[in-house]
Amino acid sequence: MRRNRTGRARIRAAAALTVAALAAGAAAGAGPAVAQPQAAPTAAAADCSAAYRIEQKLAGGTTWRMCWRYDSKAGLVLEHVSYQPKGEPKPIQVLNSARLAQIDVPYDDGSVEYDDLTGFGFAQGLVNLAPGECPGGTIRTVKVPDAWDPQHPNVNGLCTTTRSRGHAYRMQGDSADKVFQAQGKDLLVYTVNQVGWYEYMTEWRFQDDGTVNMNVGATGSLSYDDYDAGDGRGWPIGKGAKAYATSHTHNVFWRLDFGLDGSSKTKVEQYDSAVTAPAQGRQAPSAKTTRTKVTKELAGDYKTYRWWRMVSATGKNQDGHARSYEIVPGPTTKYPGRSFTRHDVYFTEYNKCEQFASNNPGNCPAGAGKSVDKWVNGQTLTHPVVWMNVGFHHIARDEDQQPMPVHWQGFAIAPRDVTAMNPLTPDELAWQNGHWRPRS
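No experiment lies behind these values; they were computed from the predicted model shown.

J.: Would you take a moment to explain the pairing of strand 5 (residues 92-106) for this structure?
T.: The side chains of a regular strand alternate, residue by residue, between the two faces of the sheet. Of all 15 residues that make up strand 5, 14 are buried, and the element is covered over most of its length. When strand 4 (residues 75-84) meets strand 5, the two strands line up antiparallel, connected through 6 bridges. Across the sheet, residue Val 81 finds its bridge partner in strand 5, namely Leu 95. In terms of strand pairing, strand 5 meets strand 14 (residues 248-258) through 8 bridges, oriented antiparallel. Note that in strand 14 the partner of Ile 103 across the bridge is Val 252. Alignment of strand 5 against strand 6 (residues 113-115), held across 3 bridges, turns out to be antiparallel. In the strand pairing of strand 6, Pro 106 is matched with Glu 113. Taking the residues that link successive antiparallel strands as the turn, the strand 5-strand 6 hairpin has 6 residues, and the phi of Gly 110 there is positive, at about 75 degrees.

Now the structure itself:
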């Protein structure tokens, strides 16, 4: 399970550490196409050249637009991400930028801890994708900055395609022979990066209902060099109880810079609900939800009945409600061993030098700290940045070989009042907004 950090890939990564540049390297334009996805109209395209633009109109009428670039440490970066469902006259900007911010991997025996993005050549480990890995889509060529082989920096490593996700909705009409249903479609953008024995699949799913899912899947191989956990912390792999794979944790961080409706002055709100016993004469317990405006930097923790949303400072939907995106957590195992992994989400004031959640190599002032927890110091939030932390404790099993099935970790952001109704509402039901009543 432990990745071989002394092999060829580790030597290449160590060499890459001598390169100080953090700025993104430009990609090298569109690569070999398997099948070109349906292009969105270019009139309201994202603010980048065609080679770095992703535009896709999905079957339900929703168009996603964004730019992409490739960073020397973070890998794929998406910028100027906008969402335009049917009925909206122009694109609605959602994110200024979105990317990974760290993959921290401590081992249970305390022998070692790895920061895969800033310390072990994650970006340089971009791999070529076979046409069959991007069905119905396009594989683009990426120019990898600080490539291990400077003579061959181009990798066919970025897939953009569409995927079905099953039912988007289903509703029985007012007669047994009438059913309203639709199958949901996603724009899928992903890369695969090899770090030692592991291969990380970083995927972004942009749904036709406005939801964005961010996931990292770990696959590849268990490291045979690490079948040595004789301290009771590992798990036996293979026949008998001779080869013990060392258990470890994957702490994955994402960095989201919201730009709802084109403004970075997004507001942060926290919601908590309290449930109390049934009052006299009531049949069930009651719940009361309280909103707290988060105006200062915050290190937040999920609790039952707690959630956050990012609220537009300028835009409202057609019902006059402020547009927002709700943060939807995925399953997580929070790692208590480090200060920067002890919280689920961080809201910090934008600072150009604060780029990675741990071992941050940015040119921050002396004393600023190298991890996200050190940046929560009471500043007023005028341009908030969201840092999401999702952990997975990997205790190996026989089924992890060979190759290792993908284990996923991630989260989502879901539109809340971005549109006045479900953006996939069929025309026949479009009149049913709010306190509707059957037509006479």
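J.: Teacher, can you tell me more about the side chain of Asp 116 here?
T.: Here Asp 116 shows up in helix 2 (residues 116-119). Polar contacts involving the side chain of Asp 116 include one to the side chain of Tyr 200, which spans 2.8 Å.

J.: When you look at the sheet that holds strand 11 (residues 212-220) in this model, what are you seeing that I'm missing?
T.: Across a sheet, strands are paired by hydrogen bonds formed along the backbone, either parallel or antiparallel in direction. Taken in spatial order, the 10 strands line up as 7-8-9-10-11-22-19-18-15-16 in an open sheet, and their pairing is antiparallel. Edge strands, defined here as strands with exactly one partner in the open sheet, are strand 7 (138-143) and strand 16 (286-294). Pairs of neighbouring strands in the sheet enclose a mean axial angle of 25 degrees, with direction left out of account. Alignment of strand 7 against strand 8 (residues 154-172), held across 6 bridges, turns out to be antiparallel. Residue pairing for strand 8: Ile 139 is matched across the bridge by Cys 159.

J.: Before we go on, may I ask you to explain the pattern of salt bridges in this structure?
T.: A side chain of one charge can pair with a side chain of the opposite charge if their charged atoms are brought near each other. Under the counting rule described, the total for this entry stands at 20 salt bridges. In this structure, Arg 306 and Asp 272 form a salt bridge, with 2.6 Å as the shortest nitrogen-oxygen distance. Separated by 34 residues along the polypeptide, Arg 306 in strand 18 (residues 306-316) and Asp 272 in strand 15 (residues 267-276) bring together distant segments of the chain. In this structure, Lys 334 engages Asp 344 in a salt bridge whose closest nitrogen and oxygen atoms are separated by 3.2 Å. One end of the pair, Lys 334, is in the loop between strand 19 (322-328) and strand 20 (345-349); the other, Asp 344, is in the loop between strand 19 and strand 20, with 10 residues separating them in the sequence. Among the residues examined, Asp 344 registers a relative accessible area of 3% and is labelled buried. When salt bridges that share partners are traced, they join Arg 165, Asp 186, Glu 203, Arg 205, Asp 208 and Asp 209 into one network.

J.: Explain the packing of aromatic side chains here, please?
T.: Pairs of aromatic rings are described using the distance from one ring centre to the other and the angle between the two planes. The tally for this structure, following the rule as stated, stands at 13 aromatic pairs. With 5.8 Å between their ring centres and 75 degrees between their planes, Tyr 52 and Trp 68 make a pair best called edge-to-face. In this pair, Tyr 52 sits in the loop between strand 1 (24-25) and strand 2 (53-57) while Trp 68 sits in strand 3 (residues 63-71), placing the two residues 16 residues apart along the sequence. A relative accessible area of 23% means that Tyr 52 is categorised as partly exposed. The buried category is assigned to Trp 68, whose relative accessible area is 2%. Look at Tyr 107 and Tyr 114: their rings are 5.9 Å apart centre to centre, the planes differ by 85 degrees, and that puts the pair in the edge-to-face class. An identical accessibility class is assigned to Tyr 107 and Tyr 114; each is buried. Of the aromatic side chains, those joined through ring pairs into one cluster are Trp 64, Tyr 83 and Phe 206. In this arrangement the basic side chain of Arg 99 is found over the ring face of Phe 356, its NZ or CZ atom lying 4.8 Å from the centre.

J.: Could you clarify how one ought to interpret the state of the cysteines in this entry?
T.: The full count for this structure, using the stated rule, is 3 disulfides. A sulfur-sulfur separation of 2.1 Å characterises the disulfide bridge that pairs Cys 134 with Cys 159. Torsion about the S-S bond of the Cys 134 and Cys 159 cystine: about 85 degrees, corresponding to right-handed handedness. Note that Cys 134 is positioned in the loop between helix 2 and strand 7 and Cys 159 in strand 8, a separation of 25 residues in sequence. In this pair, the class of Cys 134 matches that of Cys 159, namely buried. Between Cys 353 and Cys 364 runs a disulfide, and the two sulfur atoms are separated by 2.0 Å. A torsion of 105 degrees about the S-S bond marks the disulfide between Cys 353 and Cys 364 as right-handed.

J.: Sorry if this is basic, but what is going on with the nonpolar core here?
T.: Looking at soluble globular proteins, one finds that nonpolar side chains tend to be buried together. Counting 67 residues, the largest nonpolar core has Trp 64, Phe 206, Trp 254 and Ile 413 as its most contacted members. In terms of residue count, the dominant contributor to this core is strand 5 (7 residues). Core analysis: the next-biggest nonpolar cluster, separate from the first, contains 9 residues, Tyr 346, Ala 357, Val 372 and Trp 375 among them.

J.: Just to check I follow, could you spell out the environment of Ala 218 for this structure?
T.: Within the secondary structure, Ala 218 sits in strand 11. Sequence separation of Ala 218 and Met 404 is 186 residues, and the distance between their C-alpha atoms is 8.3 Å. The contact partners of Ala 218, leaving out residues within four places of it in the chain, are Tyr 198, Glu 199, Tyr 200, Pro 405, Val 406 and His 407.

Quick notes on the rules
- Per chain, the residues get numbers from 1 upward, laid out in the order the sequence is written.
- Local features in a predicted model are, by the rule used here, given only for residues with pLDDT of at least 70; side-chain atom pairs are given and counted only at 80 or more, and totals for whole chains, interfaces and linings are based on all residues.
- Just so you know, side-chain values use all the structure's heavy atoms and leave hydrogens and water out.
- Think of it in three bands: residues with accessible area under 20% of the maximum for their type are buried, residues over 50% are exposed, and the middle band is partly exposed, with areas taken using a 1.4 Å probe on protein chains only.
- Labels follow the DSSP assignment, with helices taken as runs of H or I lasting at least four residues and strands as runs of E lasting at least two, numbered in each case from the N terminus.
- In this description, strands pair whenever DSSP reports at least two bridges between them.
- Polar contact is defined as a pair of N or O atoms within 3.5 Å, subject to the rule that within protein one atom must be able to donate a hydrogen and the other to accept it, and that residues adjacent in sequence are counted only when both atoms are side-chain atoms.
- The axes used here are C-alpha line fits, helices contributing only the stretch in contact, and every angle between their N-to-C directions lies in the interval 0 to 180 degrees.
- One speaks of a salt bridge when a side-chain nitrogen belonging to Lys or Arg is within 4 Å of a carboxyl oxygen belonging to Asp or Glu.
- Working definition: rings of Phe, Tyr and Trp (its six-membered ring) pair if their centres are within 6.5 Å, and the pair is stacked with planes under 30 degrees apart, edge-to-face with planes over 60 apart, and tilted otherwise.
- Charges are assigned to positions over rings by a cutoff of 6 Å between ring centre and Lys NZ or Arg CZ, combined with an angular limit of 35 degrees from the ring normal.
- When two cysteine sulfur atoms lie within 2.5 Å, the pair is treated as a disulfide.
- Remark: nonpolar core denotes a set of buried residues (Ala, Val, Leu, Ile, Met, Phe, Trp, Tyr, Cys) joined through side-chain atoms within 4.5 Å.
- Here a residue-residue contact requires only that any non-hydrogen atoms of the pair lie within 4.5 Å.

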